[in-house]
Amino acid sequence: SGKWVGEYRYGSDYPGMEKKSPIRFELDMTLEGGILKGICVDDETKSYFDKPALIEGTLHEDTITFKKKYPYFWDHDDNNNPRFIPKLPAREIQYSGKFENGKFTGEWQISSAFTDETGEVFEYRGTGFWNMQKAS
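Since this is a predicted model, take the numbers as computed values, not measurements.

Draft legend 1. Representation of the overall build of the protein. For the protein, the count of helices and strands is zero helices and 10 strands. The order of helices and strands in the protein, counted from the N terminus, is β-β-β-β-β-β-β-β-β-β. For 136 residues, the compact-globule estimate of 2.2 N^0.38 gives 14 Å, and the protein sits close to it at 15 Å. For the protein, the spread of C-alpha atoms along the principal axes amounts to about 50 × 30 × 25 Å. The buried share of the protein, reckoned over its 136 residues, is 35%.

Shown next, in the form of structure tokens:
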């Protein structure tokens, strides 16, 4: 439980983004009976949302898994600029990691599917990396 600070990076599913600097985040969580809940604010989105992202997950021994859900939909356009669409529901980002040497390290994944105007279904999956440690 408590405040954790970390960063996430984009993987190779995001051409041009994987070379960008990591994005800093703060996660404030409570842990009860292996169930974790909390809120998260990151440097990439904090100026766009008036509420933090919600965190829900589990911690079992040294393995953490959680979902992060922003207040509404956002992604990146073809030029890697953030794009925010309040009328669309947020996608869930799945995080998983291990606790070693005083910090959590792992991967994140986001996936979504949509149908275009012709009825063709498109699926998208993006991945990246993250780490966090207890705030001092």
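Draft legend 2. Expanded view of the pairing of strand E8 (residues 92–100). Sheet topology places strand E5 (residues 63–69) next to E8; seven bridges connect them, and they run antiparallel. Paired with Thr65 across the two strands is Ser96, which belongs to E8. Where E8 meets strand E9 (residues 103–115), eight bridges bridge the pair, whose relative direction is antiparallel. Across the sheet, Glu100 pairs through a bridge with Lys103, a residue of E9. The turn linking E8 back onto E9 is made up of two residues, and Asn101 within it adopts a positive phi angle of 50 degrees.

Draft legend 3. Structural context of the nonpolar core. Core analysis: the biggest nonpolar cluster contains 27 residues, and Tyr8, Tyr10, Leu27, Phe66, Trp108, Trp130 and Met132 have the highest contact counts within it. In terms of residue count, strand E2 (residues 23–32) provides more of this core than any other element does, four residues in total. Among residues more than four places away in sequence, those in contact with Met132 are Trp4, Val5, Gly6, Phe25, Leu27, Met29, Ile64, Lys103 and Phe104.

Draft legend 4. Main features of the sheet that holds strand E10 (residues 121–134). Overall, antiparallel pairing links the eight strands, which are arranged E1-E2-E3-E4-E5-E8-E9-E10 in a closed barrel. Each strand of the sheet is rotated relative to its neighbour by a mean of 30 degrees, with strand direction disregarded. When strand E1 (residues 2–10) meets E2, the two strands line up antiparallel, connected through seven bridges. Its bridge partner lying in E2, Val5 is registered against Glu26.

Cut-offs used in this document
- Residues numbered from 1 in each chain as written.
- Predicted model: local features only at pLDDT ≥ 70, side-chain atom pairs only at ≥ 80, totals over all residues.
- Heavy atoms only, no water.
- Helix = DSSP H or I, 4+ residues; strand = E, 2+ residues; numbered from the N terminus.
- Rg over C-alpha atoms; globule rule 2.2 N^0.38 Å.
- Buried < 20%, exposed > 50% of the residue type's maximum accessible area, 1.4 Å probe, protein only.
- Pairing = 2+ DSSP bridges.
- Core = buried A, V, L, I, M, F, W, Y, C linked by side-chain atoms within 4.5 Å.
- Contact = heavy atoms within 4.5 Å.
- Axes fitted to C-alpha atoms, helices over the stretch in contact; angles between N-to-C directions.

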